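What follows is each chain in one-letter form.
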Amino acid sequence: MAGSSPVGFQTSTAPVLVAALLGLICAPQARCENNANTNNTLKTVLFYTCATKAVDNQCNESFSLDQANYANTGFTSNFTTVEQGAKVGIQTLFATHDTFFVNGKGLRPDWQPRWEALKTKLVPLIEAKAVVGFFVGDELFPGKITVQEFETALAAIAELKAEYPWLVSWENEGGTAWVDSFAKDGIPDNLDIISFDDYYLSVEEHRKFHEEKVYPLLKPHQSTFLVPGTFATNGTSSWIHGSQWCCGGTTVHDCDLCMVNRTRAFFDWAKVDDRVTGLAPWHWDSRGKDEVSKYKEIGVADLPNLRAYWKSIYEWVQEHSDK
């Protein structure tokens, strides 16, 4: 549905002035650079999009090839997608949830032979750097698995990481209650990157929660991805009016511009915080209003100003990150 006209929005006769918009929100000839500081560890742009149907939040494929030159990374468990992505500059964090876990029920009884078989297939792709790490799962805490089960999977992955030290492991959470699962010992040592999505929080509230609740859980080698909500809706539910979104009931043009400003605030933060190593916005594609979750139907692909701004972010990351 990327590239199709959003359904259900009012239309706007106002012209879409991408260049003018970027000129307003970025310093002239600076392409969005914050001259006060530059976070050279900000290396990843990944659209957290379920290209395949999600099952209880678990998604096995996040990217489509039209994300080339907008994202440099994606996650998938599809070997064809891995190879196709590598050809257009998108590296893969291989999705391993279903290798290790029965969704919502903990470790699979047969996880060990499944992991051994998967490793054999992955090694050539790892050596080619088409696969650069692992996406372990989404919103696993509290309740879907135990911390011990999580650590068992991470320890198995760590053995492969020891052979190929550029590999990383990442897990995403939802909401804020998950931090309680790690209050005693912090984020497990074998996880490199943690992130969480919460679309009720403002950018300022996100940052405050990271600084007060997430960063104290991190070891020195660990970092975070930020997960900006980058979707639009024409819905008028109480959820919309109770959140920071300004997209309910407006034209697609107004919503598009609103989302650029929100994304800019996340990016400005990421550029100066070296604990942030990636941006994983949700989501790229457009879908039906009730698909995946309500009132989040229009993705970046169909918001022209937001799409242009994410391209600018991608170009900044490609230019400024450590290679």
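Rules behind the numbers
- Residues numbered from 1 in each chain as written.
- Predicted model: local features only at pLDDT ≥ 70, side-chain atom pairs only at ≥ 80, totals over all residues.
- Heavy atoms only, no water.
- Helix = DSSP H or I, 4+ residues; strand = E, 2+ residues; numbered from the N terminus.
- Contact = heavy atoms within 4.5 Å.
- Core = buried A, V, L, I, M, F, W, Y, C linked by side-chain atoms within 4.5 Å.
- Buried < 20%, exposed > 50% of the residue type's maximum accessible area, 1.4 Å probe, protein only.
- Phe/Tyr/Trp six-rings, centres within 6.5 Å; stacked < 30°, edge-to-face > 60°.
- Lys NZ or Arg CZ within 6 Å of the ring centre and 35° of its normal.

### A short note on the environment of Gly106
For step 1, the next point in the chain: Tracing the backbone through its elements, the reader meets Gly106 in strand β5 (residues 106–107).
For step 2, the next point in the chain: Each C-alpha atom, one on Gly106 and one on Leu140, is 9.5 Å from the other, the two residues being 34 residues apart in sequence.
For step 3, the next point in the chain: Apart from the residues lying within four places of it in its own chain, the contact partners of Gly106 are Phe100, Phe101, Lys144, Ile145 and Glu149.

### Topic: the nonpolar core
For step 1, the next point in the chain: In terms of nonpolar packing, the biggest core is built from 66 residues, with Trp115, Phe134, Phe150 and Trp178 touching the most fellow members.
For step 2, the next point in the chain: Counting only elements with at least two residues in this core, the list comes to α4 (111–127), β6 (131–138), α5 (147–163), β8 (193–197), α6 (203–214), α8 (252–272), β10 (276–279) and α9 (304–320).
For step 3, the next point in the chain: Among the elements that line this core, the one with the most residues is α8, at seven residues.
For step 4, the next point in the chain: With sequence-adjacent residues up to four places away left out, Trp178 is seen in contact with Phe141, Pro142, Glu173, Ile187, Ile194, Phe196 and Val214.

### Examining the packing of aromatic side chains
For step 1, the next point in the chain: Scanning the entire structure with this criterion turns up 28 aromatic pairs.
For step 2, the next point in the chain: On the numbers, 5.2 Å between centres and 50 degrees between planes, the contact of Trp170 with Phe225 is tilted. One end of the pair, Trp170, is in strand β7 (residues 168–174); the other, Phe225, is in strand β9 (residues 223–226), with 55 residues separating them in the sequence.
For step 3, the next point in the chain: Exposure remark for Phe225: the relative accessible area of 2% places this residue in the buried category.
For step 4, the next point in the chain: Aromatic side chains Tyr199 and Phe231 sit 5.3 Å apart centroid to centroid with 90 degrees between the ring planes, which places their arrangement in the edge-to-face category. Taken together, the residues span a long stretch of sequence, with Tyr199 in the loop between β8 and α6 and Phe231 in the loop between β9 and α7 (238–241) at a distance of 32 residues. The same class applies to Tyr199 as to Phe231, namely buried.
For step 5, the next point in the chain: Ring-pair connections join several aromatic residues into one group, and the members of that group are Phe141, Phe150, Trp178, Phe182, Phe196 and Phe209.
For step 6, the next point in the chain: Lys129 extends its terminal NZ or CZ atom over the ring of Trp166, reaching a point 4.4 Å from the ring centre.

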